[in-house]
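For reference, the chains in residue letters:
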Amino acid sequence: EVARRAGNIPVLDVIDAGARAAVEASRGGNIGVIGTPTTVNSNAYARRMHALDPRIRVFSQACPLFVPLVEEGWLEHEVTRLTAREYLKPVLAEGVDTLVLGCTHYPLLKPLLQDVVGPGIRLVDSAITTAEFAAAKLASLDLANHGEVPARYAFNVTDIPLRFQTIGERFLGRSLSQVTKVEW
């Protein structure tokens, strides 16, 4: 549906990017996925990983409290650390060697999550892999900005612009302007 609405504008799939990166990063084929209940219940990461390599074993865990904790700014808070330990217990018990951060908010918890899971487990940040896919796509279409023209930013959201601006500034570490609500 999204690709149809986008017309000739390339659409990148965050699930595909994260799944590919996880399969490539995994040494033993046991991969954990953490995400919102909707993401986990969709089984999208597991389906994509199995399509890439049917031998992969995927262990998914919904972590619904992470989004409000991130939005509260509790990135290193003890409550967040305790919550992470509780959520990750079943995934870690399966002996995963790779953990996919399957929600846009979770990369902000990356230092805390790495501390909780330990150095032996690789974290796959879908945001980074999607950005790498975007850079490659722009380069392949000869649309990449090579620095000659300053970047212009405009943000279109389908929900509350002020909320996006507040959280986006936390994510990007800079001021956001030109946030516009659009009807989908």
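Remember, it's a predicted structure, so these values are computed and weren't measured experimentally.

Quick look at unusual backbone geometry
For step 1, the next point in the chain: Of note, Asn43 is a non-glycine position whose phi angle comes to about 60°, a positive value.
For step 2, the next point in the chain: Along the polypeptide, Asn43 turns up in the loop between helix H3 (37-42) and helix H4 (44-52).
For step 3, the next point in the chain: Owing to a relative accessible area of 37%, Asn43 belongs among the partly exposed residues under this scheme.
For step 4, the next point in the chain: Of note in the backbone geometry, Asp142 takes a positive phi value of approximately 55° without being a glycine.

Quick look at the packing of helix H2 (residues 14-25) against helix H8 (residues 126-140)
Axes are the key here: two packed helices are described by the angle between their axes and the distance separating the axes.
For step 1, the next point in the chain: Direction vectors running N to C along H2 and H8 enclose 105°, while the axes themselves pass 8 Å from each other. Judged by the angle between their axes, H2 and H8 are roughly perpendicular. Contacts between H2 and H8 involve Val14, Asp16, Ala17, Gly18, Arg20 and Ala21 on the former and, on the latter, Ser126, Thr129, Thr130 and Phe133.

Things to note about the environment of Glu76
For step 1, the next point in the chain: Take Glu76: it is sitting in the loop between helix H5 (66-72) and helix H6 (78-93).
For step 2, the next point in the chain: Considering only alpha carbons, one finds Glu76 and Lys110, 34 residues apart in sequence, at a separation of 10.0 Å.
For step 3, the next point in the chain: Excluding anything up to four places from it in sequence, Glu76 contacts Arg81, Pro111 and Leu112.
For step 4, the next point in the chain: Only 3.2 Å separates the side chain of Glu76 from the side chain of Arg81, close enough to count as a polar contact.

Some words on the sheet that holds strand E2 (residues 57-62)
For step 1, the next point in the chain: With parallel pairing, the four strands of this open sheet are ordered in space as E2-E1-E3-E4. Looking along the sheet, the strands with just one partner apiece sit at the ends: E2 and strand E4 (122-125). Shown here is a sheet whose adjacent strand axes are inclined to one another by a mean of 25°, direction ignored.
For step 2, the next point in the chain: Alignment of strand E1 (residues 30-35) against strand E3 (residues 98-101), held across four bridges, turns out to be parallel. Directly across from Val33, in E3, lies its bridge partner Val100.
For step 3, the next point in the chain: Where helix H7 (residues 110-117) meets the sheet, its contacts fall on E1, E3 and E4, and the angle it forms with E4 comes to roughly 155°.

The rules we used
Residues numbered from 1 in each chain as written. Predicted model: local features only at pLDDT ≥ 70, side-chain atom pairs only at ≥ 80, totals over all residues. Heavy atoms only, no water. Helix = DSSP H or I, 4+ residues; strand = E, 2+ residues; numbered from the N terminus. Buried < 20%, exposed > 50% of the residue type's maximum accessible area, 1.4 Å probe, protein only. Axes fitted to C-alpha atoms, helices over the stretch in contact; angles between N-to-C directions. Parallel < 35°, antiparallel > 145°, perpendicular 65-115°, else oblique. Contact = heavy atoms within 4.5 Å. Polar contact = N/O pair within 3.5 Å; in protein donor to acceptor, adjacent residues only side chain to side chain. Pairing = 2+ DSSP bridges.

The analysis is restricted to geometry; functional conclusions fall outside its scope.
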